[in-house]
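Working through the structure, step by step
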Amino acid sequence: MPELPEVETVKRELAKKVTGCTIAHTKIYLVKTIQKPDPESFVKCIQNSRINSVKRRGKYLLFYLSNHLCLAAHLKMTGHFSVCGQGSALHKHTRVVFSLDNGCDLRFVDTRTFGVMYLLCQKEMDQFKPLACLGPEPLSDAFTAQYLFETGHQRTLPIKAFLLNQSFACGLGNIYVDESLFRAGILPDRRTNTLSKDEWAALTLTIKEVLQEGIQHRGTSIQSYTSTDGRPGGYQDRLLVYGKDQRPCVRCGTPIQKQKTAGRGTHFCPTCQR
DNA sequence: AGTCAAACCTGGGCGC
DNA sequence: TGCGCCCAGGTTTGAC
């Protein structure tokens, strides 16, 4: 399940592998992956465009192209990109293939078919709602304890729901939210209006810490995620609560509990988190 | 303003 | 071995 560290890892690898390449042709295997424009226009517009850069915003991968276009891709739960030789066998769940002028394919493979792509004009990206409504990047200077406090302290939703809402903090998903809350010692269903300034400060730090460590270890590989060359990430070995239902807490030994909060499987230590 | 459920999907894990 | 069932999850949408 790609969250910010996984998407960032993919972005860095793709930037090395496809920057400067030209898209010679595109084949769409699953039409619904292409959300905008219609598939014919998508293929036509993208043909012969050069990939100038690869960036990330929240969980979106952004391919900036030579003709003032931008290809925005969201991996959702099981989407991933791979770069491979054009002769190599197609994976069963291949959804879109971009054939590049260097003899390689950029392939989008997505088992559960939730992943989506949009082709946008670079100048209309500010008005494109899914990108426009994203909150600040958690690893940016704009993401401060003061920002979180001001955004959260008058609301009454569970802190977990708050952090999963991409318009407050973009890029966080289920795994890194559980890990950040554990490290900050805050229960996932605490209402945002009950957090003290110190707790907002602690949470700000643990979010940045957890995401940075996630990136350092090239993301978390659970179920399906691998980076562009099929190598798994390594952060799953460092998780403290996510997926640890009934296992002893690393700090106090209390069994980690699992409950549903904000509609998500949520892991926490009932002793260390208050 | 917030909650909840449904929708979109497939594969893995479970019990039988 | 194989069947049926449930669950996982990011995001949007709509009902309440």
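Because the structure is predicted, anything quoted here is derived from the model rather than measured.

**Some words on the packing of helix α4 (residues 145–152) against helix α7 (residues 197–216)**
Remark: α4 packs on α7, axes separated minimally by 8 Å, with the N-to-C direction vectors making an angle of 120°. What the angle tells us is that α4 and α7 run oblique. Read as a crossing pair, α4 and α7 show a hand that is right-handed. Residues Ala-145, Gln-146, Leu-148, Phe-149 and Gly-152 of α4 form the contact with α7, whose participating residues are Lys-197, Trp-200, Ala-201, Thr-204 and Ile-207. For the contact of α4 with α7, the residue count by class is 6 nonpolar, 3 polar and 1 charged.

**Thoughts on the sheet that holds strand β6 (residues 79–85)**
Read from one edge of the open sheet, 4 strands run β1-β7-β8-β6, paired in antiparallel fashion. At either end of the open sheet lies a strand with only one pairing partner, and these are β1 (23–28) and β6. The mean angle between the axes of side-by-side strands here comes to 20°, regardless of whether they run parallel or antiparallel. Most of the contacts of helix α1 (residues 4–18) go to β6, to which it runs at about 25°, and overall it touches β6, β7 (94–100) and β8 (104–110). Of the strands in this sheet, β1 and β7 are in contact with helix α2 (residues 39–46), which crosses β1 at around 165°.

**Regarding the protein's contact with DNA strand B**
Taken together, Lys-32, Lys-92, His-93, Thr-111, Arg-112, Thr-113, Phe-114, Arg-155, Thr-156, Leu-157, Pro-158 and Arg-191 are the residues near DNA strand B. Expressed as a percentage, the sugar and phosphate content of the atoms of DNA strand B within 4 Å of the protein is 69%. His-93 is positioned such that a nitrogen or oxygen atom in its side chain is 2.7 Å from a phosphate oxygen of DNA strand B. Contact between DNA strand B and Thr-156: a phosphate oxygen at 2.7 Å from a main-chain N or O atom of the residue. The residue makeup of the surface near DNA strand B, split by class, is 3 nonpolar, 4 polar and 5 charged.

Calculation rules
- Residues numbered from 1 in each chain as written.
- Chains lettered and ligands numbered in written order.
- Predicted model: local features only at pLDDT ≥ 70, side-chain atom pairs only at ≥ 80, totals over all residues.
- Heavy atoms only, no water.
- Axes fitted to C-alpha atoms, helices over the stretch in contact; angles between N-to-C directions.
- Helix = DSSP H or I, 4+ residues; strand = E, 2+ residues; numbered from the N terminus.
- Parallel < 35°, antiparallel > 145°, perpendicular 65-115°, else oblique.
- Left-handed = near helix turned anticlockwise from the far one by under 90°.
- Contact = heavy atoms within 4.5 Å.
- Nonpolar A, V, L, I, M, F, W, Y, C, P; charged D, E, K, R; others polar.
- Pairing = 2+ DSSP bridges.
- Near = heavy atom within 4 Å.
- Polar contact = N/O pair within 3.5 Å; in protein donor to acceptor, adjacent residues only side chain to side chain.

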